[in-house]
Amino acid sequence: MKTERRQLSTAEERRETVLRTAIGAFAARGYFGTTTTEVAKAAGISQAYVYRLFPNKEALFAAVVDHCFVRVRAALEGGAASAGSGDPEVVLASMGDSYARLISDNDLMLVQLHAQAAAVSEPAIREAVRAGYARTVEYVRSASGGSDEQIQRFFAVGMLCHLLVSVDAEAVSAPWTRTLSAGITHY
């Protein structure tokens, strides 16, 4: 008779599981409204184990923010790779389309919005958001070859996409929604 041994996950695998799970928990209630107990329960581990992986809720949320920026970078890389030209506008448009597809996962977009709100009063989160944007802006600049003005416009449209998706602007037929969403694709 053959016995199967239970494969235990490593701390790094558990850490990744907690980060993926925490995205949903923090998306639903934000940094201030989510407890580490809720994250632990969603991940199927004890709160004590969450604290073994992350020293506090702030560090956990900062790691979630970083995890989201990694996903953003991957989407942008995919967009840059699929651009049919090296022209900065074409590359930026392709990256923008990939980003629009990514934020159709509302949890990721909501974590980004909650992170920006929490950054106002939480220094560690502010630093995580700053670092994530710094890396992302420099990647977009390098991959696209765009000017500062083009890069700024790319990020401004991204922020506008957040607004349009978060308020479900497509569900409202009004002049203000048509004005803000003209020429912007979301999925």
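For clarity, every value in this text was computed on a predicted model and none was experimentally measured.

Caption draft 1: View of the confidence of the model for the chain. Averaged over the chain, the pLDDT score is 92; the fraction of residues at 70 or greater is 95%. The secondary-structure element of the chain with the lowest mean pLDDT is helix α1 (residues 11-33), recorded at 92, while helix α7 (residues 123-144) shows the highest, at 98.

Caption draft 2: Structural context of the packing of helix α4 (residues 57-82) against α7. Their axes nearest at 9 Å, the elements α4 and α7 cross at an angle of 10 degrees. In terms of orientation, α4 lies roughly parallel with respect to α7. Of the residues in α7, those in contact with Glu 58, Phe 61, Ala 62, Val 65, Asp 66, Phe 69, Val 72, Arg 73, Leu 76, Glu 77 and Ala 80 of α4 are Ala 124, Ile 125, Ala 128, Val 129, Gly 132, Tyr 133, Arg 135, Thr 136, Tyr 139, Val 140 and Ala 143. A breakdown of the residues in the contact of α4 with α7 according to their chemical character gives 15 nonpolar, two polar and five charged.

Caption draft 3: Just the pattern of salt bridges, in detail. Following the criterion strictly, the structure yields nine salt bridges and no others. With a closest N to O distance of 2.8 Å, Arg 73 and Glu 77 form a salt bridge. Here the residue Arg 73 and the residue Glu 77 both occupy positions in helix α4, the gap between them amounting to four residues, near one helical turn. Residue Glu 77 is classed as partly exposed on the basis of its relative accessible area, which comes to 36%. Here Asp 97 makes a salt bridge to Arg 101, at a shortest N to O gap of 3.2 Å. One end of the pair, Asp 97, and the other, Arg 101, are both in helix α5 (residues 88-102), four residues apart, so they sit about a helical turn from each other. The exposure class assigned to Asp 97 is partly exposed, which follows from its relative accessible area of 26%. Relative accessible area serves as the criterion here: at 46%, Arg 101 is assigned to the partly exposed category. Several salt bridges share partner residues, and in doing so they unite Glu 89, Glu 149 and Arg 153 into one network.

Caption draft 4: Expanded view of the nonpolar core. Phe 26, Leu 60, Val 64, Met 95 and Val 140 are the most contacted members of the largest nonpolar core, which totals 53 residues. Here the element with the most residues in this core is α4; it accounts for 12 residues. Leave out the neighbours within four places in its chain, and Val 64 touches Leu 19, Ala 22, Ile 23, Phe 26 and Val 111.

Caption draft 5: Structural view of α7. Across its 22 residues, α7 extends 31 Å between first and last C-alpha, which sits within 8% of the 32 Å expected from 1.5 Å per residue. At its buried positions, α7 is contacted by α1, α4, α5, α6 (106-119) and α8 (148-166). Downstream of α7 by one or two residues, Gly 145 has phi in the positive range, about 70 degrees.

So, how was this worked out
Residues numbered from 1 in each chain as written. Predicted model: local features only at pLDDT ≥ 70, side-chain atom pairs only at ≥ 80, totals over all residues. Heavy atoms only, no water. pLDDT = per-residue confidence, 0-100. Helix = DSSP H or I, 4+ residues; strand = E, 2+ residues; numbered from the N terminus. Axes fitted to C-alpha atoms, helices over the stretch in contact; angles between N-to-C directions. Parallel < 35°, antiparallel > 145°, perpendicular 65-115°, else oblique. Contact = heavy atoms within 4.5 Å. Nonpolar A, V, L, I, M, F, W, Y, C, P; charged D, E, K, R; others polar. Salt bridge = Lys/Arg side-chain N within 4 Å of Asp/Glu carboxyl O. Buried < 20%, exposed > 50% of the residue type's maximum accessible area, 1.4 Å probe, protein only. Core = buried A, V, L, I, M, F, W, Y, C linked by side-chain atoms within 4.5 Å. Expected span 1.5 Å × (residues − 1).

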